[in-house]
Structure formats: structure tokens, C-alpha cells
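Residues per chain, in single letters:
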Amino acid sequence: MIKDNGHLTQIEDIEFAVDVFPAFRLFKSMDFKLIVVTNQAVVARGMIDEAGVSEINQYILDEVYKNTGCKIEKFYFCPHHPNANIEEYRENCECRKPKPGMLMQAAREFGIDLSQSYMIGDRLSDVIAGAKAGCRTILLATGKHEDAPIESDAFDLEIKPDFTCSNLTEAVEIINKTRS
Ligand SMILES: [Zn+2]
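Just so you know, the residues in each chain are numbered from 1, in the order the chain's sequence is written. For a predicted model such as this one, the threshold for reporting local features is a pLDDT of at least 70, and the threshold for listing and counting side-chain atom pairs is 80 or more; totals across whole chains, interfaces and linings nevertheless cover every residue.

Trainee: How do you make sense of the overall build of the protein chain when you look at a structure like this?
Mentor: What the protein chain contains, in helices and strands, is 6 helices and 5 strands. Under the scheme used here, helices are H or I runs from DSSP no shorter than 4 residues and strands are E runs no shorter than 2 residues, and both carry numbers assigned from the N terminus. Starting at the N terminus and walking to the C terminus, you meet the elements of the protein chain as α-β-α-α-β-α-β-α-β-β-α. Dimensions of the protein chain, computed from C-alpha atoms along their principal axes, come out at roughly 45 × 40 × 35 Å. Each residue is classified by how many other C-beta atoms fall within 10 Å of its C-beta atom, where C-beta atoms are placed from the backbone; a count of 20 or more means buried, 12 or fewer means exposed, and values in between mean partly exposed. Considering the protein chain as a whole, with its 180 residues, one finds that 30% of them fall into the buried category. C-beta atoms are first placed from the backbone for all residues, and any pair lying within 7 Å is then listed as a contact. Within the protein chain, residue pairs in contact and separated by at least 24 positions form 62% of the contacts whose partners lie at least 6 positions apart.

What follows is the structure, given as C-alpha cells:
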């Protein structure tokens, strides 16, 4: 959704990807619940606190609603990192993607059938988390994250995305064509 211009720690730096609003207008007419799941190791690094991340997430949610009328149900974020310099966030948690913890939590909280759901993301960690949760997966191949992922037991490189496309609008089209 947001252009990857490095670590996002303040609202002023938020830049929506060009096709985000058109894509969300399409989402509005489909009966999917929209949930965002994001790794925020910037918290573990001490660059921003959890309240700051929540504020940024709320801003994104509000902007999407204002511009498209489409409501994102909730943001889940993982503040942890195995090598965090802040001790309370230094752990091998179950929520950091590629683990599926946040998706499982969302499914419990919102009564979501993961097998009828799609996970869209621009990293392999998104695809793996989605596949492990039992979702169909769509990789946005932006060309930005093609380097090998950091080493982690949770990375299962046998997992491939079900679909690949180059932007969010194409992802919505894929969902429209393949949903049951
Ligand atoms: Zn976590």
C-alpha cells in the first residue's frame, strides 16, 4: 500500500502507491474483510514506539476510507525482532511474518475462513505467511524485494505464490476471477 522509501517512522513520510485508491474502490464492491498485517521491526530497533505505529496505521486507515469509502477492518503489527536492541521486543515470536500468527489471530477475531481468503504482499515472507495460514497468495512483484530473505527457520523456500502480478489493481482482478 505504502511506497517503500525505507523505515517508516512518521506520518509525513507516508506515500501511497499510485494504484492503492483505485484498487480499494474495487475492493469496496466485493464482500471481503480487509485486514493489514505488517512486520514493524522499527519498534524493536527503538526508532518508533507502538503508539507511534498505531498512529501511522490509523492515518492510513482514515486516508483510505476518505478517498475510497472502503473500510480496513484492522491493522495487526509485529513489533518484535530476534535481534532487537530493545530487550522487551527481542524474541522469536509467532507473529513476525513469514510466520502466520497475525493471520491466525485475525481469523479468530473476525471469524474469517482463511481458505476463502487471499494474502497479498510484495515479499516472500508475505507469501509464506499466507500459505502457512491456508490462504491463497498473491505476490506483488515490484522488483524491490528480490534479494534473498534473512535466514530463518520459518522461511520455507519451497512455497511459491499462487499468483503473481505487478500492482494492487491486478491483484483485485485476480481475486475477482478466482474467488469461489
Ligand atoms: Zn511478533
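Trainee: Teacher, can you tell me more about the packing of helix α1 (residues 20–28) against helix α6 (residues 168–178) here?
Mentor: How two helices sit against one another is set out by the angle between their axes and by the gap between those axes. Interaxial distance between α1 and α6 falls to 8 Å at its minimum, and their mutual angle equals 20°. With respect to each other, α1 and α6 are oriented roughly parallel. Residues Val20, Pro22, Ala23, Leu26 and Phe27 of α1 touch α6, and the partners they reach there are Leu168, Thr169 and Val172. Of the residues contributing to the contact of α1 with α6, the split by class is 7 nonpolar, 1 polar and no charged. With axes taken as lines fitted to C-alpha atoms, and helix axes fitted only over the stretch in contact, angles between N-to-C directions fall between 0 and 180 degrees. For classification purposes, angles smaller than 35 degrees are called roughly parallel, those larger than 145 roughly antiparallel, those between 65 and 115 roughly perpendicular, and all remaining angles oblique. Here the nonpolar group is Ala, Val, Leu, Ile, Met, Phe, Trp, Tyr, Cys and Pro; Asp, Glu, Lys and Arg are the charged ones; every other residue, Gly included, is treated as polar.

Trainee: Help me understand the nonpolar core in this model?
Mentor: Counting 28 residues, the largest nonpolar core has Ala23, Met102, Leu103, Leu140, Leu168 and Ala171 as the members making the most contacts within it. Of all the secondary-structure elements, those providing two or more residues to this core are α1, β1 (34–39), β2 (72–78), α4 (101–110), β3 (118–121), α5 (124–133), β4 (136–140) and α6. For Leu140, the residues in contact, after removing those within four places along its chain, are Ile120, Gly121, Asp122, Cys165, Ser166, Asn167, Leu168 and Ala171. Defined on buried residues, the nonpolar core groups Ala, Val, Leu, Ile, Met, Phe, Trp, Tyr and Cys residues joined through C-beta atoms within 7 Å.

Trainee: Just to check I follow, could you spell out the packing of α1 against helix α3 (residues 50–68) for this structure?
Mentor: At a closest axis distance of 9 Å, the pairing of α1 and α3 adopts a crossing angle of 75°. As judged from the angle between their axes, α1 and α3 are roughly perpendicular. Here α1 contributes Phe21, Phe24, Arg25 and Lys28 to the contact with α3, which in turn contributes Val64, Asn67 and Thr68. Among the residues forming the contact of α1 with α3, the class breakdown is 3 nonpolar, 2 polar and 2 charged.

Trainee: Would you mind showing me how to read the environment of Ile138 here?
Mentor: Among the structural elements, Ile138 can be located in strand β4. Classification of Ile138 by C-beta neighbours within 10 Å gives buried; the count is 26. C-alpha of Ile138 to C-alpha of Ile175: the two residues are 37 residues apart in sequence and 9.0 Å apart in space. When neighbours within four sequence positions are excluded, Ile138 is seen to be in contact with Tyr118, Ile120, Pro161, Asp162, Phe163, Cys165, Ala171 and Ile174.

Trainee: Quick question: what am I supposed to make of α6 here?
Mentor: Residues lying three or four places apart along an α-helix face the same way, a consequence of the helix completing one turn every 3.6 residues. Those residues of α6 that sit buried are Leu168, Ala171 and Val172. Viewed end-on, α6 has its buried residues packed into an arc of 100°, placing them on one side of the element. When the buried face of α6 is taken as reference, the exposed residues oriented beyond 90 degrees from it are Asn176, Lys177 and Thr178. Packed against the buried residues of α6 are α1, β3, β4 and β5 (163–165). Note that the arc is defined by the directions from the helix axis to the C-beta atoms.

Trainee: Honestly, the pairing of β1 in this entry has me stumped. Any pointers?
Mentor: Within a regular strand, the side chains alternate between the two sheet faces. By the alternation rule, side chains of β1 split into Ile35, Val37 and Asn39, which are all buried, and Leu34, Val36 and Thr38, of which none is buried. For two strands to pair, DSSP has to find at least two bridges joining them. Across 6 bridges, β1 lies against β2 in parallel orientation. If you follow Val37 over to β2, its bridge partner there is Tyr76.

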